[in-house]
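Structural characterization, general
Single-letter residue listing:
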Amino acid sequence: MKPVPHATSLRRAPVQRRSAERLSRILDACADLLDEVGYDALSTRAVALRAGVPIGSVYRFFGNKRQMADALAQRNLERYSERVAARLAERTGDGGWRAALDAVLDEYLAMKRTAPGFCLVDFGNQIPVGARRAEPNHRVAERLTRLLCGHLGREPDEDLHRALLVAVETADALVHLAFRVAPGGDDKVVEEARQLLRAYLARVLD
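Residues numbered from 1 in each chain as written. Predicted model: local features only at pLDDT ≥ 70, side-chain atom pairs only at ≥ 80, totals over all residues. Heavy atoms only, no water.

**Considering the overall build of the protein chain**
- Broken down by element type, the protein chain carries nine helices and zero strands.
- Overall, the protein chain shows an N-to-C arrangement of helices and strands of α-α-α-α-α-α-α-α-α.
- Here the protein chain holds 206 residues, and the buried ones make up 48% of them.
- A fraction of 65% describes how many contacts in the protein chain between residues 6 or more apart in sequence connect residues 24 or more apart.
- Summed over its atoms, the accessible surface of the protein chain is roughly 10500 Å², and 52% of this surface lies on carbon and sulfur atoms. (Helix = DSSP H or I, 4+ residues; strand = E, 2+ residues; numbered from the N terminus. Buried < 20%, exposed > 50% of the residue type's maximum accessible area, 1.4 Å probe, protein only. Contact = heavy atoms within 4.5 Å. Areas by Shrake-Rupley, 256 points an atom, 1.4 Å probe, with all protein chains shown as cover.)

Here it is as structure tokens:
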């Protein structure tokens, strides 16, 4: 089992393997309950019950449910980064930046469709529901800048980072639109988003 990243919202970082496994169970339970009951009805007691841990174990790591959701969002970002990195490693020398962009978008869509709690929390910009803070997308853009530059063999610069931040914000809005149009994400809206991102990023990546 991979360790849980030490999210800044944690009261105490797990040190032993047993503690890390307990934290993973708590976050898994939080994700499942977000899908089932939503954020407003989520409670630390329900999470503890679902995870099969004492309520004190939840409070050992988190002071409230918002901190749990933040930690889940951080774990989502780590898992997303790992998935993108694995896809890029498979595509070394194949397809250039457009194939890399496809991997970035496709992995985001895959998590949106399959990862518990992801549709509500994703990388941290949806809790409370409807909140649109800038910080999570900045973190995503920074992570993708490093991954793509490493894959493409180029040095990151301010123009590229700005362009990727705009691309992340754009993709975020359009993917949310796709999932409002259809429960699993409307394929035609997704394709429009893909073409728009390719056209926009061509000026800095071609």
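Having seen the model, we can carry on.
**Some details on the side chain of Asn-76**
- Inspection of the secondary structure assignment puts Asn-76 in helix H4 (residues 65–90).
- Within the local environment of Asn-76, its side chain forms a polar contact with the backbone oxygen of Asp-122, the two atoms lying 2.9 Å apart.
- Excluding residues that lie within four positions of it along the chain, Asn-76 makes contacts with Met-111, Phe-118, Val-121, Asp-122 and Phe-123. (Polar contact = N/O pair within 3.5 Å; in protein donor to acceptor, adjacent residues only side chain to side chain.)

**Here we look at the pattern of salt bridges**
- Counted under the stated rule, the structure contains 17 salt bridges.
- Across the pair Glu-107 and Arg-83 runs a salt bridge whose closest N-O atoms are separated by 2.7 Å. Pair noted here: Glu-107 is in helix H5 (residues 96–114) and Arg-83 is in helix H4, with a separation of 24 residues, a long-range link.
- For Glu-107, a relative accessible area of 9% puts it in the buried group.
- Salt bridges sharing partners connect three or more residues here, namely Arg-83, Arg-87, Asp-102, Asp-106, Glu-107, Glu-191, Arg-194 and Arg-198. (Salt bridge = Lys/Arg side-chain N within 4 Å of Asp/Glu carboxyl O.)

**Considerations on the nonpolar core**
- Core analysis: the biggest nonpolar cluster contains 38 residues, and Tyr-80, Phe-123, Leu-144 and Leu-201 have the highest contact counts within it.
- Every element with two or more residues in this core is listed here: H4, H5, helix H7 (135–152), helix H8 (158–181) and helix H9 (187–205).
- In terms of residues, this core owes the most to one element, H8, which gives ten residues.
- Other than its neighbours up to four places away in sequence, Tyr-80 contacts Val-104, Glu-107, Tyr-108, Met-111, Phe-123 and Leu-144.
- Ranked by size, the runner-up nonpolar core spans 24 residues in total, among them Leu-23, Val-47, Val-58 and Phe-61. (Core = buried A, V, L, I, M, F, W, Y, C linked by side-chain atoms within 4.5 Å.)

**A closer look at the environment of Leu-201**
- Within the element layout of this structure, Leu-201 appears in helix H9.
- Residues Leu-201 and Ala-163, 38 residues apart in the sequence, show an inter-C-alpha distance of 6.9 Å.

**Overview of the side chain of Arg-87**
- When you line up the elements, Arg-87 lands in helix H4.
- By relative accessible area, which is 19% here, Arg-87 ends up buried.
- Within the local environment of Arg-87, its side chain forms a polar contact with the side chain of Glu-107, the two groups lying 2.8 Å apart.
- If we ignore the near neighbours within four places in the chain, the residues touching Arg-87 are Asp-102, Ala-103, Asp-106 and Glu-107.

**Remarks on H7**
- Here H7 contains 18 residues, and its C-alpha end-to-end distance of 26 Å stays within 8% of the 26 Å for a straight helix at 1.5 Å per residue.
- Restricting attention to buried positions, one finds in H7 the residues Pro-136, Asn-137, Val-140, Ala-141, Arg-143, Leu-144, Thr-145, Leu-148 and Cys-149.
- Tucked inside the fold, the buried residues of H7 contact H4, H5 and H8. (Expected span 1.5 Å × (residues − 1).)

**Observations regarding the packing of helix H1 (residues 17–37) against helix H2 (residues 44–51)**
- The N-to-C vectors of H1 and H2 enclose an angle of 115°; their axes lie 8 Å apart at closest approach. H2 is crossed by H1, and the crossing has right-handed handedness. Note on element contacts: H2 touches H1 through Ala-46, Val-47, Arg-50 and Ala-51, opposite Arg-25, Ile-26, Ala-29, Cys-30, Asp-32, Leu-33 and Glu-36.
- Tallied by class, the residues present in the contact of H1 with H2 amount to seven nonpolar, no polar and four charged. (Axes fitted to C-alpha atoms, helices over the stretch in contact; angles between N-to-C directions. Left-handed = near helix turned anticlockwise from the far one by under 90°. Nonpolar A, V, L, I, M, F, W, Y, C, P; charged D, E, K, R; others polar.)

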